[in-house]
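Coordinate analysis (summary)
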Amino acid sequence: MGPPMRMGAQSCGRCAPGLAAATPTLGAVGGCDEVRHRSLTGLVGPGRTALPLGFRVALERRARVLDDGAVLLGGAPPRMLHLARAARVLLAGGAFTVTDPTSAALARTLLDAGIAHPVSAPAEVVPGAADVTVVVPVKDRAASLARLLAALPPMGGLVVVDDGSTDPAPVAAVAGRAGATLLRHPRSRGPAAARNAGLATATTPLVAFLDSDVVPEPGWLAPLLAGFADPAVGLVAPRIVALAPVTGWLPTYEAVRSSLDLGPDPALVVPRSRVAYVPSAALLVRRHAVGGGFDEQMHVAEDVDLVLRLHRAGWRLRYEPAARVAHDHRTTVGAWWLRKAYYGTGAAPLALRHHAAVPPMVVSPWSAAAGGLVMLGRPLAALGVCVVAAERLARRLQKMLHPRATAARLIGLAAVGALAQTADAMTRHYWPLTALACLFSARARRTVVTVAVAEGVVDWWRHRHRDARVRPGLAGYVLARRLDDLAYGAGLWWGAVRHRTVEPLRPVSSAPARPPLGRTPPTGRL
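Residues numbered from 1 in each chain as written. Predicted model: local features only at pLDDT ≥ 70, side-chain atom pairs only at ≥ 80, totals over all residues. Heavy atoms only, no water.

1. Describing the overall build of the protein chain
Convention followed: Helix and strand definitions follow DSSP, with helices as H or I runs of at least four residues and strands as E runs of at least two, each counted in order from the N terminus. Per-residue accessibility, obtained with a 1.4 Å probe over protein chains only, is compared with the maximum for each type, and a residue is labelled buried under 20%, exposed over 50%, and partly exposed between these values. Every accessible area reported is derived by Shrake-Rupley at a probe size of 1.4 Å, with residue values counting cover from the shown protein chains alone.
Along the protein chain, the regular secondary structure elements total 17 helices and 17 strands. Split into buried and exposed, the 526 residues of the protein chain put 55% on the buried side. Of the roughly 22,100 Å² that the protein chain leaves accessible, carbon and sulfur atoms contribute 61%.

Right, here's the structure in full:
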């Protein structure tokens, strides 16, 4: 599915909160590690969450230390944490290693908040390739399957699931030459069912799902395996990049702006954040975490549904761009546009299953007002709204050394994000309403043209260097960007009509989302 939007401390409610909840013993359990939380999603949460000794973390690139080191800003979704003296000492260099209960608890909190990411772990707690079974769903793509299997290193198992190929012989021949276990569905049941069939066959602790149209790049597996040194991690996803060669205005756009490519920065995968989902084209999962696997009733966005269920069950999910898997993108306009529209149809069933988890916009009332005023040509009024919001926030930050400066910075960042979301929503999620307004208002037409061009140019500027192999031209990029938005929005509205719901069109407040099972909301104090 395409991106639904662009834009302290946590502990288990069954344990005593605070830094003393963790234990430094290698392989031991801490906090609520003796308790397995069973969620309403049908999945079971992690049995252990204690990080091993020697586990090293570093602050994310976007994290900001404010108020002379007393406040840490960042995370997914963004939050502000007040740092105690012990936490300030550990974070003085921007990274630290787990050596005792205090550092273990701080590392766990920062990882769970998305403010820090893993850097390294002791070799003895990192799984190996022998612990992985690869599951490949395929239908009529024998040549692509052969290309994929040739790129795989020796693993603990290999399962090819033929999901109703018209001619099964070529697929069987390729699987046989690779020594794979071959399963076959007489008729196509969809990728979710194919992956689940392979999952049921696997006996290793980890399972890698790889679509037949991907090719892992050398060294792809090790960064993914390192993620499972954290016993609370249930899924790690690589970065999906374009398969070479890449030429032409549409392929170069897709190489830097594909909805499968979630960017160059590692992230915690969390609903309503920068990385809110990961695609199933390439995933590595803990087998007992995913239970029966994907929902076979969903033929689109089944990967996002699994991510949301794992998150709700309490598993930590990670995006690791150091692992790269190339994908054979669609490059003809018709096939590409239809695929983008198809992604959009998944928004409605997701919104019905996971209320407010994949909204078109996440904004506060003041930021929505500021963004709307800018779009209406009232920038001074929008500035006034921001000033009032900053003053109100400063009053809540009186215990800080520089409350007004900090509040102004926070409100400024939020305002920029709200403006970007508003522009994006006009041309993507709500474009039918935007088009309707243009029929009756010359001002609306001028605003829409300005936003469509400006948003495209800004997006090109931000993403033009994302893939070092290509340099997308501005005109072709902006055209592809607008076609992309039209396709996704059309699919979204069609799905909403078909499911008779407006849920995927509802913006939500930026108030903290409901925490996963087994966790309490952030306390804001470390």
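2. Quick notes on the side chain of Asn-196
Note the following rule: Residue contacts are counted whenever heavy atoms from the two residues lie within 4.5 Å of one another.
Note on placement: Asn-196 falls in helix H5 (residues 191-201). By relative accessible area, which is 7% here, Asn-196 ends up buried. Once residues lying within four places of it in the same chain are set aside, the contact partners of Asn-196 are Gly-292, Gly-293, Phe-294 and Glu-296.

3. Regarding the packing of helix H14 (residues 403-427) against helix H16 (residues 442-463)
As a reminder of what qualifies: Where helices are involved, their axes are fitted lines through C-alpha atoms of the stretch in contact, as for all axes, and angles between N-to-C directions lie from 0 to 180°. Between 65 and 115 degrees an angle is taken as roughly perpendicular, under 35 as roughly parallel, over 145 as roughly antiparallel, and anywhere else as oblique. In this scheme the handedness of a crossing depends on how the near helix is turned from the far one: anticlockwise by less than a right angle means left-handed, clockwise means right-handed. Classification used: nonpolar for Ala, Val, Leu, Ile, Met, Phe, Trp, Tyr, Cys and Pro, charged for Asp, Glu, Lys and Arg, polar for all others including Gly.
Direction vectors running N to C along H14 and H16 enclose 110°, while the axes themselves pass 10 Å from each other. Classed by the angle they form, the pair H14 and H16 counts as roughly perpendicular. Here H14 and H16 pass one another in a crossing that is left-handed. Residues Ala-423, Asp-424, Met-426 and Thr-427 of H14 form the contact with H16, whose own contacting residues are Thr-447, Val-448, Val-451, Ala-452 and Glu-455. Counted by class, the contact of H14 with H16 contains five nonpolar, two polar and two charged residues.

4. Some words on the sheet that holds strand E5 (residues 95-97)
The following threshold applies: Here, strands pair whenever DSSP counts at least two bridges between them.
Taken together, three strands build an open sheet; the order of strands is E5-E1-E6 and the sheet is antiparallel. If you trace the sheet from one side to the other, it starts and ends with E5 and strand E6 (116-120), each paired once. For this sheet the average axis-to-axis angle between neighbouring strands, irrespective of direction, equals 30°. Pairing of strand E1 (residues 56-59) with E5 involves three bridges; the strand directions are antiparallel. In the strand pairing of E5, Val-57 is matched with Phe-96. Helix H2 (residues 101-113) contacts E1, E5 and E6 of the sheet and is inclined by roughly 130° relative to E5.

5. Concerning the pattern of salt bridges
For clarity, the cut-off: Salt bridges, as used here, are contacts in which a Lys or Arg side-chain nitrogen is within 4 Å of a carboxyl oxygen on Asp or Glu.
A full pass over the atoms with the stated rule returns 29 salt bridges. Of the charged contacts in the structure, one is a salt bridge between Asp-265 and Arg-61, with a shortest N-O distance of 2.5 Å. Within this pair, whereas Asp-265 is found in the loop between helix H7 (249-257) and strand E13 (267-268), its partner Arg-61 is found in the loop between E1 and strand E2 (64-66), the two being separated by 204 residues in sequence. A relative accessible area of 59% means that Arg-61 is categorised as exposed. Linking Asp-213 and Arg-141 is a salt bridge whose minimum nitrogen-to-oxygen distance equals 3.3 Å. With Asp-213 in the loop between strand E10 (206-210) and strand E11 (214-216) and Arg-141 in the loop between strand E7 (132-138) and helix H3 (142-150), the pair connects residues that are 72 residues apart, well separated along the chain.

6. What about helix H17 (residues 474-498)?
For an α-helix, 3.6 residues make a turn, and residues three or four places apart therefore share a direction. What counts is decided by this rule: In this scheme, a helix's expected span is set at 1.5 Å multiplied by one less than its residue total.
With 25 residues, H17 should reach 36 Å at 1.5 Å per residue; the first-to-last C-alpha distance of 36 Å fits that figure. Phi for Arg-500, located one or two positions after H17, is positive at around 55°.

7. Some details on the nonpolar core
Let me state the cut-off plainly: To qualify as a nonpolar core, a set must consist of buried Ala, Val, Leu, Ile, Met, Phe, Trp, Tyr and Cys residues joined through side-chain atoms within 4.5 Å.
By size, the foremost hydrophobic cluster in this structure holds 43 residues, and its most contacted members are Leu-149 and Leu-284. By size, the runner-up hydrophobic cluster in this structure holds 38 residues, among which are Ala-192, Val-278, Ala-313 and Val-358.

8. A word on the sheet that holds strand E3 (residues 71-74)
Pairing is antiparallel in the open sheet, where three strands are placed in the order E2-E3-E4. Looking along the sheet, the strands with just one partner apiece sit at the ends: E2 and strand E4 (79-82). Neighbour-to-neighbour, the strand axes of the sheet open up by a mean angle of 25°, direction not taken into account. As paired strands, E2 and E3 are joined by three bridges and run antiparallel to one another. Counterpart to Val-65 in the pairing with E3 is Leu-72.

9. Looking at unusual backbone geometry
Between Ala-244 and the following residue, Pro-245, the backbone shows a cis peptide bond with an omega angle of 0°. Within the secondary structure layout, Pro-245 lies in the loop between strand E12 (233-242) and H7. Although it is not a glycine, Asp-140 sits at a positive phi angle of roughly 60°. Looking at where Asp-140 falls in the secondary structure, it is placed in the loop between E7 and H3. Take Asp-140: its relative accessible area is 41%, and that puts it in the partly exposed class. Phi is positive for Arg-500, close to 55°, though the residue is something other than glycine. Inspection of the secondary structure assignment puts Arg-500 in the loop between H17 and strand E17 (508-509).

10. Topic: a nonpolar patch on the surface
To keep things clear, this is the line we draw: Residues qualify for a patch when their relative accessible area is over 30% and they have no salt bridge, like charges being joined within 9 Å and the nonpolar side chains of Val, Leu, Ile, Met, Phe, Trp and Tyr within 5 Å.
Judged by side-chain polarity, Val-449, Val-453, Val-457 and Leu-474 come together as a nonpolar surface patch covering roughly 300 Å² of accessible area. Top element by residues in the nonpolar patch is H16. It accounts for three residues. If you trace the backbone, Val-453 turns up in helix H16.

11. Comments concerning the environment of Pro-78
Of note, Pro-78 is situated in the loop between E3 and E4. Assessed through its relative accessible area of 68%, Pro-78 is described here as exposed. Residues Pro-78 and Arg-62, spaced 16 residues apart in sequence, show a C-alpha to C-alpha distance of 9.9 Å.

12. A short note on the pairing of strand E8 (residues 157-163)
The criterion, for reference: Handedness of a crossover: with both strands directed away from the viewer, a clockwise path from the first strand across the helix to the second marks it as right-handed.
Burial runs high along E8: seven of the seven residues are buried. Going residue by residue along E8, you find Gly-157, Val-159, Val-161 and Asp-163 tucked away on one face and Leu-158, Val-160 and Asp-162 tucked away on the opposite face as well. In this view, the connection linking E7 to its parallel neighbour E8 by way of H3 has right-handed handedness. Judged from the five bridges that link them, E8 and strand E9 (residues 181-185) form a sheet pairing that is parallel. When the bridges of E9 are listed, Val-160 appears paired with Leu-182. Assessed by its sense of winding, the connection that carries the chain from E8 through helix H4 (residues 168-177) to E9 is right-handed.

Shape is all these values report; function is a separate question.
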